[in-house]
There are 2 protein chains.
Amino acid sequence: MSFSEQVKARTGEVETIIEKYLPPVSGYQKTVLEAMNYSVNVGGKRIRPMMMLEVNRLMGQESPCLYPFMAAIEMIHTYSLVHDDLPAMDNDEYRRGKKTTHVVYGEAMAILAGDALLNYAYETAVKAFEAAENETQFKQTAKALQVLAMKAGIFGMVGGQTADVEAEDKGIEATEELLMYIHKNKTAALIEAAMMVGAILGGATEEAVSAIEKCAYNIGIAFQIQDDILDVTGTLEELGKPIGSDEKNHKVTYVTMHGLEESKARVEELSKEAIEILKGFPNRNEFLENLVEQMIYRTK
Amino acid sequence: MSFSEQVKARTGEVETIIEKYLPPVSGYQKTVLEAMNYSVNVGGKRIRPMMMLEVNRLMGQESPCLYPFMAAIEMIHTYSLVHDDLPAMDNDEYRRGKKTTHVVYGEAMAILAGDALLNYAYETAVKAFEAAENETQFKQTAKALQVLAMKAGIFGMVGGQTADVEAEDKGIEATEELLMYIHKNKTAALIEAAMMVGAILGGATEEAVSAIEKCAYNIGIAFQIQDDILDVTGTLEELGKPIGSDEKNHKVTYVTMHGLEESKARVEELSKEAIEILKGFPNRNEFLENLVEQMIYRTK
C-alpha cells in the first residue's frame, strides 16, 4: 500500500471512530445537534485524532480508553473553528469550500453548537473511565483529561487565540516573542494534547511524555511556519483560500519576519528534530514518521 | 445567627473557595483572563456551589474533592450567562446592574471568555483527582465529572438553551411539553448537577443520588415558575429588570399558560416535595432546607 493509500485507509478508520461518538440527532435540541454534526463533518484531515492513535501505537499498545479521547479532540478542534469563523471573530463564510456553521444555522446556533461541542468533548472523554479495564488505565484517563483540558484552555489554545485576536484588533505589530506565543498555543497546543494523550494512555513514562510534548511542539510550529510559507508560495487551487492574504492584511508572520529561506530552514530543523524523537522510541512507527513529514511538507 | 446572616457568612465562604480557583491575570492572554474574572465577579448568589456544598454536608462528610467542583459549576453557570448576553443571543447590556462582558470587553473577547470559562471549568474539576485521598474518592470524582458534563451539555443546559432560542427566533408558541423541556434543561439541569455532585462526592448510594436529582428538579422548576410569577407581580426595584417583560414580549410562560393562582400552587407543591426529600436523609441540614425555601420564595 502506498503512503497516500495508507493515509486514506487510516483516515477512514479514524472517521469511523469519531462517527461512533457523535450524538444522535433528535429531540427538542435537534437543531444544535445537526449544527454540531455538520461542523464535525465539514471534514478536515482528522490529523489530531490520527496522531493520538499513532502515538498510542508507538508506545506498543492500543488503550481501550483511547477512542473517546480521539473523538473529544476532534470536537475541541471543531468548536474552535466554529467560533473562530463567527462574524465577531474572523467572519469567514467558507471553510474547506463549505459554508461555515453560522452561515448555515445562524449566529446564535453557531455559538451554541460551539459551546455544545466543547462540552460534549469532555462528556465524551469521561466515557474513557468506563472503558478502563484496571486501576492503571483509570488513572491514565484522569491524567489524559488533565492534559487535554490544560492544552485546550487559557494556558493553551484559547490563550493563543486571545493573543492573536487582540493583536489583530488593536493593530499590535507582533514581536517574535508574541508570535511564538501565538503559534505555540493557537496551533501547537492541541497537537501536543493529541500526542501526549496518546502517550499517556499508552503507559508512557513522564520522561517519554515530555519527549512527545517537545516533538509535538516542533510539529506544531513547523506546521504553522509552513502555512505562512504556503501563503506566499502556494496556488489558489492548492490552498482553497486566497494566496498572499497575510501580506495583504499586513499580518506579521514568521515569513515576513525572517524571509522565505530562513523560514524553510527552520521548518527543516524542527521537523528533523521531531522525527529524531520519534525514532528514539523502542518501537518504530514508520507511518507516524511519514505522516509528520507529510503534514509539515504539505503543499496545501 | 439569623438565617440571612447565615446566608451571608456561607456566601462569603463559597466566594473564598471560588476565588481560589480563578486563574491569575497575567501573560499575553491577560485580556481574556480579566474578562473571565470580571464575568465571575459580576456576582450572583453562588447558589449552585452553595447547594453542592450543603448537599455534601447533608451526606455527613465534606469531601476533599468538592472545592474544585464548586468553582467549576460557577464557571459553567457564568459562561452560559456571558454567551446568553451576546448580541446574537439575548443582546443584554446589563446584568445585575453591571455591564455585560461583551459591552466591557467587546464581542470577540466575550465569546473567548465564555469558551475559556467552560474549558477552565473542566480544567478545574479534574484537579479533584489530585485531591482524592483514596480509590473511592478517585472514583467518585470520575462519576461526578460524568454528571457535571452531562447536565451542562446538549442533554442538559445547552439543550434547553437551544430549544429556547429556537422557539423565540422562529416564533414557535411553546406547548406545555416544550416549555417543561426548556425549564428542565435550561434551569433545572445545572441545579441537578450541583446537588448530585455534592451527593456523589459525599458517598451517596445510587438511590440517594436519584432522590437528590428529583429534589433538584423540583427546585429548578419551582425557581423558574417563581421567576415567571415575579415577572408579573414584582417591582422594578426588587427585580432590577423591567417587570412584565414576558408579557410584553408575548413570551409563553407557565404563568401565561396556567394563571397566577395555579402557578403559585404548583410552586408550593414542588417545593414541599423537595423539602420532604431532604428531610428523608438521616442527617438533617436545616440551613439547606431554609435555603431551598428562600430560593423558591424569593421576591427578587
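In this text, all values refer to a predicted model and were calculated from it rather than measured experimentally.

Enquirer: Explain the overall build of chain A to me, please; I cannot follow it from the model alone.
Expert: The secondary structure content of chain A amounts to 16 helices and two strands. On C-alpha atoms alone, chain A measures out to a radius of gyration of 19 Å, which is about the 19 Å that the 2.2 N^0.38 rule sets for 300 residues. For chain A, the spread of C-alpha atoms along the three principal axes comes to 55 × 50 × 40 Å. Expressed as a percentage of contacts within chain A between residues at least 6 apart in sequence, the contacts between residues at least 24 apart total 73%.

Enquirer: Is there a simple way to explain the packing of helix α4 (residues 66–84) of chain A against helix α6 (residues 107–125) of chain A in this structure?
Expert: Relative placement of two packed helices is described by the angle separating their axes and the distance separating the axes. Residues and elements named next belong to chain A. Running from amino to carboxyl end, α4 crosses α6 at an angle of 160°, the nearest separation of the two axes being 8 Å. Regarding the angle of α4 to α6, the classification is roughly antiparallel. You can see that α4 and α6 cross each other, and the crossing is left-handed. The residues of α6 that touch α4, namely those facing Pro 68, Phe 69, Ala 71, Ala 72, Met 75, Ile 76, Thr 78, Tyr 79, Val 82 and His 83, are Ala 110, Ala 113, Gly 114, Leu 117, Leu 118, Tyr 120, Ala 121, Thr 124 and Ala 125. Taken together, the residues that form the contact of α4 with α6 break down as 15 nonpolar, four polar and no charged.

Enquirer: Sorry, what's going on with the interface of chain A and chain B here?
Expert: Note: interface size is frequently given as the accessible area lost on complex formation between the parts. Taken together, the contact between chain A and chain B spans 41 residues of the former and 41 residues of the latter. Contributing elements (two or more residues each) for the side of chain A that touches chain B: α2 (30–41), α6, α8 (135–152), α9 (157–169) and α10 (176–201) of chain A. For the side of chain A that touches chain B, the element with the most residues is α6 of chain A, which contributes 11 residues. Here the residues of the side of chain A that touches chain B are counted per class, giving 27 nonpolar, nine polar and five charged.

Enquirer: When you look at the relation of the copies chain A and chain B in this model, what are you seeing that I'm missing?
Expert: Between chain A and chain B, the superposition needs a rotation of 180° and an axial shift of 0.0 Å, giving an RMSD of 0.0 Å. Those values place the two copies in the arrangement expected of a two-fold rotation axis. Comparing interface residues between copies, 100% of those in chain A also lie at the interface in chain B; the contact surface is shared.

Enquirer: How should the environment of Val 209 of chain A be read in this particular structure?
Expert: Residue and element names in this part refer to chain A. Among the secondary structure elements, Val 209 is positioned in helix α11 (residues 206–233). With 20 residues separating them in the primary sequence, Val 209 and Ile 229 have C-alpha atoms 30 Å apart. In contact with Val 209, not counting residues within four places along its chain, are Met 196, Ala 199, Ile 200 and Ala 204.

Enquirer: Explain helix α1 (residues 3–21) of chain A here, please?
Expert: Residues that lie three or four places apart on an α-helix share one face, since the helix turns once every 3.6 residues. The terminal C-alpha atoms of α1 of chain A lie 27 Å apart, and with 19 residues this matches the ideal 27 Å at 1.5 Å per residue to within 8%. Its buried side turned inward, α1 of chain A meets α2, α3 (47–58), α4 and α6 of chain A.

Enquirer: Is there a simple way to explain the nonpolar core in this structure?
Expert: A general trend in soluble globular proteins is that nonpolar side chains are found buried together. The biggest cluster of nonpolar side chains holds 202 residues, and the ones touching the most others in it are Phe 69 and Leu 148 of chain A together with Phe 69 and Leu 148 of chain B. Aside from chain neighbours lying at most four places away, what touches Leu 148 of chain B is Phe 69, Ala 72, Ile 73, Ala 125, Ala 193 and Val 197 of chain B.

Enquirer: Could you clarify how one ought to interpret the confidence of the model for chain A in this entry?
Expert: Fine structural detail should not be taken from predicted coordinates in areas where pLDDT scores are low. Summing up the model confidence of chain A, the mean pLDDT is 93 and the portion of residues at 70 or higher is 94%. The complex prediction reports pTM at 0.95, with the ipTM value standing at 0.95.

Enquirer: Before we go on, may I ask you to explain the environment of Ile 182 of chain A in this structure?
Expert: Residue and element names in this part refer to chain A. On the secondary structure map, Ile 182 appears in helix α10. For Ile 182, a count of 25 C-beta atoms within 10 Å corresponds to the buried category. Between the C-alpha atoms of Ile 182 and Thr 31, which are 151 residues apart in sequence, the distance is 34 Å. With residues near it in sequence (within four places) discarded, Ile 182 still touches Gly 160, Ala 163 and Asp 164.

Enquirer: Where do I start with unusual backbone geometry in this structure?
Expert: Note on backbone geometry: most residues besides glycine have negative phi, and most peptide bonds are trans. Within the chain, Asn 91 of chain B stands out as a residue other than glycine whose phi angle is a positive 55°. Note on placement: Asn 91 of chain B falls in the loop between α4 (66–84) and β1 (94–95).

Enquirer: Can you help me understand the packing of helix α3 (residues 47–58) of chain B against helix α10 (residues 176–201) of chain B in this one?
Expert: All names here are of chain B. The geometry of α3 relative to α10 is characterised by a closest axis approach of 7 Å and an angle of 30° between their N-to-C directions. The angle between α3 and α10 places the two elements in the roughly parallel class. Crossing angle aside, the handedness with which α3 passes α10 is right-handed. Of the residues in α10, those in contact with Arg 48, Pro 49, Met 51, Met 52, Leu 53, Val 55 and Asn 56 of α3 are Leu 190, Ile 191, Ala 194, Met 195, Val 197, Gly 198, Ala 199 and Leu 201.

Procedures and definitions
- Residues numbered from 1 in each chain as written.
- Chains lettered and ligands numbered in written order.
- Predicted model: local features only at pLDDT ≥ 70, side-chain atom pairs only at ≥ 80, totals over all residues.
- Helix = DSSP H or I, 4+ residues; strand = E, 2+ residues; numbered from the N terminus.
- Rg over C-alpha atoms; globule rule 2.2 N^0.38 Å.
- Contact = placed C-beta atoms within 7 Å.
- Axes fitted to C-alpha atoms, helices over the stretch in contact; angles between N-to-C directions.
- Parallel < 35°, antiparallel > 145°, perpendicular 65-115°, else oblique.
- Left-handed = near helix turned anticlockwise from the far one by under 90°.
- Nonpolar A, V, L, I, M, F, W, Y, C, P; charged D, E, K, R; others polar.
- Least-squares fit on C-alpha atoms with pLDDT ≥ 70 in both.
- Expected span 1.5 Å × (residues − 1).
- Core = buried A, V, L, I, M, F, W, Y, C linked by C-beta atoms within 7 Å.
- Buried ≥ 20, exposed ≤ 12 C-beta atoms within 10 Å, placed from the backbone.
- pLDDT = per-residue confidence, 0-100.

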